[in-house]
Protein chains: 2
Amino acid sequence: MKTFFSEDHRLHFPQAELSGGEFVTPYERPSRIEYVLARLKERKFGEIVAPGPIDMGPVRTLLDPGFLAFLETAYDEWKAAGQGGEVIAAGMPTRRQRHDRIPRNIDGKVEYYCHASETAITGGTWRAAQSSMASAQAAQREVANGARAAFALCRPPGHHATSDQYGGYCFLNNAAVVAQMFRDQGAGRVAILDVDFHHGNGTQDIFYRRGDVLFASIHGDPLDAYPYFAGFADEMGEGEGEGANINVPFGPGTAYGPWAEALDGVVRRITNWGAEALVVSLGVDAYKDDPISFFKLDSPDFLDCGRRIGRMGLPTVFCMEGGYAIEQVGLNTVNVLEGFEDA
Amino acid sequence: MKTFFSEDHRLHFPQAELSGGEFVTPYERPSRIEYVLARLKERKFGEIVAPGPIDMGPVRTLLDPGFLAFLETAYDEWKAAGQGGEVIAAGMPTRRQRHDRIPRNIDGKVEYYCHASETAITGGTWRAAQSSMASAQAAQREVANGARAAFALCRPPGHHATSDQYGGYCFLNNAAVVAQMFRDQGAGRVAILDVDFHHGNGTQDIFYRRGDVLFASIHGDPLDAYPYFAGFADEMGEGEGEGANINVPFGPGTAYGPWAEALDGVVRRITNWGAEALVVSLGVDAYKDDPISFFKLDSPDFLDCGRRIGRMGLPTVFCMEGGYAIEQVGLNTVNVLEGFEDA
Ligand SMILES: [Zn+2]
Ligand SMILES: [Zn+2]
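Scoring rules and cut-offs
- Residues numbered from 1 in each chain as written.
- Chains lettered and ligands numbered in written order.
- Predicted model: local features only at pLDDT ≥ 70, side-chain atom pairs only at ≥ 80, totals over all residues.
- Heavy atoms only, no water.
- UniProt positions renumbered as here; feature names shortened; annotations may be inferred.
- Donors = N, O, S within 2.8 Å, 3.2 Å for Na, K, Ca; no water.
- Buried < 20%, exposed > 50% of the residue type's maximum accessible area, 1.4 Å probe, protein only.
- Helix = DSSP H or I, 4+ residues; strand = E, 2+ residues; numbered from the N terminus.
- Contact = heavy atoms within 4.5 Å.
- Buried area = accessible area lost by both parts, 1.4 Å probe.
- Salt bridge = Lys/Arg side-chain N within 4 Å of Asp/Glu carboxyl O.
- Polar contact = N/O pair within 3.5 Å; in protein donor to acceptor, adjacent residues only side chain to side chain.
- Expected span 1.5 Å × (residues − 1).
- Pairing = 2+ DSSP bridges.
- Axes fitted to C-alpha atoms, helices over the stretch in contact; angles between N-to-C directions.
- Least-squares fit on C-alpha atoms with pLDDT ≥ 70 in both.
- Right-handed = clockwise from strand over helix to strand, strands pointing away.
- Phe/Tyr/Trp six-rings, centres within 6.5 Å; stacked < 30°, edge-to-face > 60°.

If you look chain A up in an unreviewed UniProt entry, it shows as Histone deacetylase family protein from Rubellimicrobium rubrum. UniProt lists a comment for chain A under the heading Cofactor (unreviewed entry), and it reads "Zn(2+)". The heading Sequence similarities (unreviewed entry) in the UniProt record of chain A holds the text "Belongs to the histone deacetylase family."

Right under this line is the structure:
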């Protein structure tokens, strides 16, 4: 399969991530992607293609216009207000607070449009997020035009971004827009399978009340892991979306056995549900040595995981999400893709 | 009037406040209090007395037991988990997230019990917060025993703390507990007047559905100022509390003229409502040179403000809240108290 990738991801590299009460170099950093590119080339996996420009149409349809305008101007407004550092939210509207008024002040706007303070916005973030989305859209078009599958090597990732909040290293939800594009082009039902260690709270949120896009995620129990306040098994969708949201949380130390069993269960449900296209939120931070995660998948497990996904036989777009054991991110990511092609 | 004050406030002095995407020395720092003490002594204002121990009874009645247990153990749990810095929340449950599950993980617990990330918890924070509350309680007992008024020189402040969230430099809501103590001792109706520049969102939240404690606040418009997501004029209480919550927000540059007019309006409403005791959340960050605020009150205005409060003729407990133009905090604070006594 082809890989779609833009060098513009380098425009997003914050100096600081708030972690453990300190600023650290962000776990989500450009070098992650180098290892994926190197492994793709080493394995002669397929052509690596730069995407065309972003198509803002489906992005504007799915996401909040105020949020998009904010992302575009936040860094400049922040600097114009005399702030010394990168854009970092010092709070956010929480329980029993107002969620219906958007502050005029840039500090307040940042808080309104953010759901996790570890994630900084820099001068290049908006362009990088757009280029990441452009890769996802190019991969979608590749599959829409008849390819069995395509890989969007997205950075920054997307699955934590909701329609109106960034956080968790994510700004624009690539997988959600890809699913929407399949729908707009006529697919009756589209499934999103999120195998990243972290719950894809942004994607879930975007489709929670919709019956045409199913979201399924296997992830660290939110009682123990970010994003903490979403991803419980009893979140099954609402209204028309009831039954079209599947969460399988696991606790610390979970190995591939139970994980693969959960995957098979999810795959069956997606198949029975009648998905006509599949979007995979491909994070590889379920890996045993990931520095911010607690599952115990080993590199060969990712090959097997790819095979199980491939056996579904669906037109599939892979969107890169997390994975922070940097030197193994390439191996583990390409293993999923190779397993998929082997299926 | 007497001042109640504990040296233990020094136990709380975080190294870091998240501000403008950087760590800065906290605006809310121990030296603020030195200037108040110095001014009290210079003016021979009255006896300065150390409080006895905290009475946890009314604190436990009013505030969430899980929150209190968290504050007591958070720093040790954080350090036991290997975190490098002081306790700083990297997020919090926001819109469309779960607010009904408390994480097991200490990172997640911090996010659950916090509503603003500028505020760090240190090893001495819990003891300092308790000593601050002890001063407030001692001042309340002084007034309950017949004094016209008493001043609790509280640090850390309290008015941003809700029953289950810290933030805005506040951990335990001193003013709220003082109001509750008046109620428990037989006062039918108690009013809390918050003259701090920032909306007292914690106090409002604690009494929002209660008709026996009125909360009134004059503050920076939340569209422009922290806490951003509370303090709008249309927040008037709910249920039994309907009509017992008064917010008067003003925009940048507001001077004493309109501010004093708002104060008179609030004073009339408190009087007509039939308050039998008054708690004043005494912040002096409405001062023209305050570094994090935008009102234009001058030092003599605080004298006048105190007079207007004093003319209400109510038994009154003053609880120290904010004020960050450090060298003027003493002058402005004692001006309010002197104006009160002059009334
Ligand atoms: Zn992840
Ligand atoms: Zn204040």
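The discussion continues.
**Side note on the coordination of the zinc ion (ligand 2)**
Ideal geometry at a metal centre gives angles of 109.5 degrees when four donors are arranged tetrahedrally and 90 or 180 degrees when six donors are arranged octahedrally. Residue and element names in this part refer to chain B. Distances from the zinc ion (ligand 2) to its protein donors, namely Asp-196 (OD), His-198 (ND1) and Asp-285 (OD), fall within the range 2.0 to 2.1 Å. Sequence spacing of the donors to the zinc ion (ligand 2): D-x1-H-x86-D. Taking relative accessible area as the criterion, Asp-196 reaches 1% and is therefore assigned buried. Judged by its relative accessible area of 7%, His-198 is buried.

**As for the coordination of the zinc ion (ligand 1)**
Residue and element names in this part refer to chain A. At the metal site, the zinc ion (ligand 1) is ligated by Asp-196 (OD), His-198 (ND1) and Asp-285 (OD), and these contacts range over 2.0 to 2.2 Å. Counting along the primary sequence, the residues that act as donors to the zinc ion (ligand 1) give the motif D-x1-H-x86-D. With a gap of 89 residues between them, Asp-196 in the loop between strand 6 (190-194) and helix 7 (201-207) and Asp-285 in the loop between strand 9 (277-282) and helix 9 (299-310) connect regions that are remote in the sequence. There is no split in this pair, since Asp-196 and Asp-285 are both buried.

**Here we look at the UniProt feature "domain: Histone deacetylase" (unreviewed entry) in chain A**
Mapped onto this numbering, the UniProt entry gives "domain: Histone deacetylase" (unreviewed entry) at residues 28-337 of chain A. Along residues 28-337 of chain A, the helical share is 39% and the strand share 12%, with 21 Å between the first and last C-alpha atoms.

**What to know about the interface of chain B and chain A**
Between chain B and chain A, the residue contacts involve 52 residues of the former and 52 residues of the latter. Both faces combined, the contact of chain B with chain A buries some 4600 Å², and carbon together with sulfur accounts for 50% of it. Between chain B and chain A we count 16 salt bridges in total. Glu-235 of chain A serves as the salt-bridge partner of Arg-98 of chain B, at 2.8 Å between the closest nitrogen and oxygen. The tally of links between chain B and chain A comes to 36 residue pairs in polar contact (both at pLDDT 80 or more). Elements with a minimum of two residues in the side of chain B that touches chain A: strand 3 (22-24), helix 4 (106-112) and helix 7 (201-207) of chain B.

**Here we look at helix 10 (residues 326-342) of chain B**
All names here are of chain B. Between the first and last C-alpha of helix 10 there are 25 Å, a value that for 17 residues agrees with the 24 Å anticipated at 1.5 Å per step. The set of residues buried in helix 10 consists of Ile-326, Val-329, Gly-330, Asn-332, Thr-333, Val-334, Asn-335, Val-336, Leu-337, Glu-338, Gly-339 and Phe-340. On its buried face, helix 10 sits against helix 1 (31-42), strand 5 (149-152), strand 9 (277-282), helix 9 (299-310) and strand 10 (316-320).

**Regarding the sheet that holds strand 7 (residues 213-220) of chain A**
Backbone-to-backbone hydrogen bonds join strands into a sheet, with any given pair of strands oriented parallel or antiparallel. All names here are of chain A. Strand order in the open sheet made by the 8 strands is 4-1-5-10-9-6-7-8, with parallel pairing throughout. With partners counted over all chains shown, the strands left at the sheet margins are strand 4 (48-49) and strand 8 (245-250), one partner each. Note: strand 5 (residues 149-152) against strand 10 (residues 316-320), 4 bridges, orientation parallel. Bridging from a neighbouring strand, Ala-152 pairs with Cys-319 of strand 10. Along the sheet, helix 5 (residues 125-144) contacts strand 1 (2-4), strand 5 and strand 10; its crossing angle with strand 5, the most-contacted strand, is approximately 175°.

**Focus: the relation of the copies chain B and chain A**
The two copies are related by a screw operation: chain B maps onto chain A through 180° of rotation and 0.0 Å of translation along the axis, at an RMSD of 0.0 Å. Such values leave the two copies arranged in the relation of a two-fold axis. Closest approach to the rotation axis among the C-alpha atoms of chain B is made by Thr-94 of chain B, whose C-alpha sits 2.2 Å away. In this assembly the copies share their binding face: 100% of the residues contributing to the interface of chain B also contribute to that of chain A.

**Considering the side chain of His-199 of chain B**
All names here are of chain B. Within the secondary structure, His-199 is located in the loop between strand 6 (190-194) and helix 7. Separated by 3.0 Å, the side chains of His-199 and Asn-247 make a polar contact. With near-sequence residues (within four places) excluded, His-199 lies in contact with His-159, His-160, Gln-204, Phe-215, Ser-217, His-219, Pro-227, Ala-230, Gly-231, Glu-235 and Asn-247.

**Considering the sheet that holds strand 9 of chain B**
Residues and elements named next belong to chain B. One open sheet holds the 8 strands; their spatial order is 4-1-5-10-9-6-7-8, and the pairing between them is parallel. The open sheet has two edge strands with one neighbour each: strand 4 (48-49) and strand 8 (245-250). Where strand 1 (residues 2-4) meets strand 5, 3 bridges bridge the pair, whose relative direction is parallel. Paired with Phe-4 across the bridge in strand 5 is Ala-152. In the packing of helix 6 (residues 174-184) onto the sheet, contacts are made with strand 6, strand 7 (213-220), strand 9 and strand 10, and the angle to strand 9 comes to roughly 175°.

**Some remarks on the environment of Glu-34 of chain B**
Residue and element names in this part refer to chain B. With respect to the helices and strands, the residue Glu-34 is situated in helix 1. The class of Glu-34 is partly exposed, set by a relative accessible area of 29%. Apart from the residues within four sequence positions on either side, Glu-34 is in contact with His-9 and Arg-10.

**Some points on the pairing of strand 10 of chain B**
All names here are of chain B. Burial analysis of strand 10 places 5 of its 5 residues in the buried class, the great majority of the element. Burial along strand 10 is two-sided: Thr-316, Phe-318 and Met-320 and Val-317 and Cys-319, pointing in opposite directions, are all buried. When strand 9 meets strand 10, the two strands line up parallel, connected through 5 bridges. By the bridge assignment, Val-279 is partnered in strand 10 with Val-317. Viewed along the sheet, the connection from strand 9 through helix 9 into strand 10 turns out right-handed.

**Brief notes about the pattern of salt bridges**
Residue and element names in this part refer to chain A. The full count for this structure, using the stated rule, is 48 salt bridges over all chains. The shortest N-O distance in the salt bridge between Glu-142 and Lys-2 comes to 3.7 Å. Here Glu-142, found in helix 5, pairs with Lys-2, found in strand 1; they are 140 residues apart in sequence, far enough to count as distant. Note that Arg-98 is salt-bridged to Asp-100, the shortest N-O span being 2.9 Å.

**Some thoughts on the packing of aromatic side chains**
One pass over the structure, following the stated rule, counts 29 aromatic pairs over all chains. Note on Tyr-112 of chain A and Phe-229 of chain B: the rings are 6.4 Å apart at their centroids and 35° apart in plane angle, and the pair reads as tilted. Residue Tyr-112 of chain A is located in helix 4 (residues 106-112), and its partner Phe-229 of chain B is located in the loop between strand 7 and strand 8; the two belong to separate chains. Summarising the aromatic geometry, the rings of Phe-197 of chain B and Phe-294 of chain B are spaced 4.9 Å apart at their centres and angled 85° between planes, so their arrangement reads as edge-to-face. Within this pair, whereas Phe-197 of chain B is found in the loop between strand 6 and helix 7, its partner Phe-294 of chain B is found in the loop between strand 9 and helix 9, the two being separated by 97 residues in sequence. Taking relative accessible area as the criterion, Phe-197 of chain B reaches 1% and is therefore assigned buried. Note on Phe-294 of chain B: relative accessible area 15%, which makes it buried.

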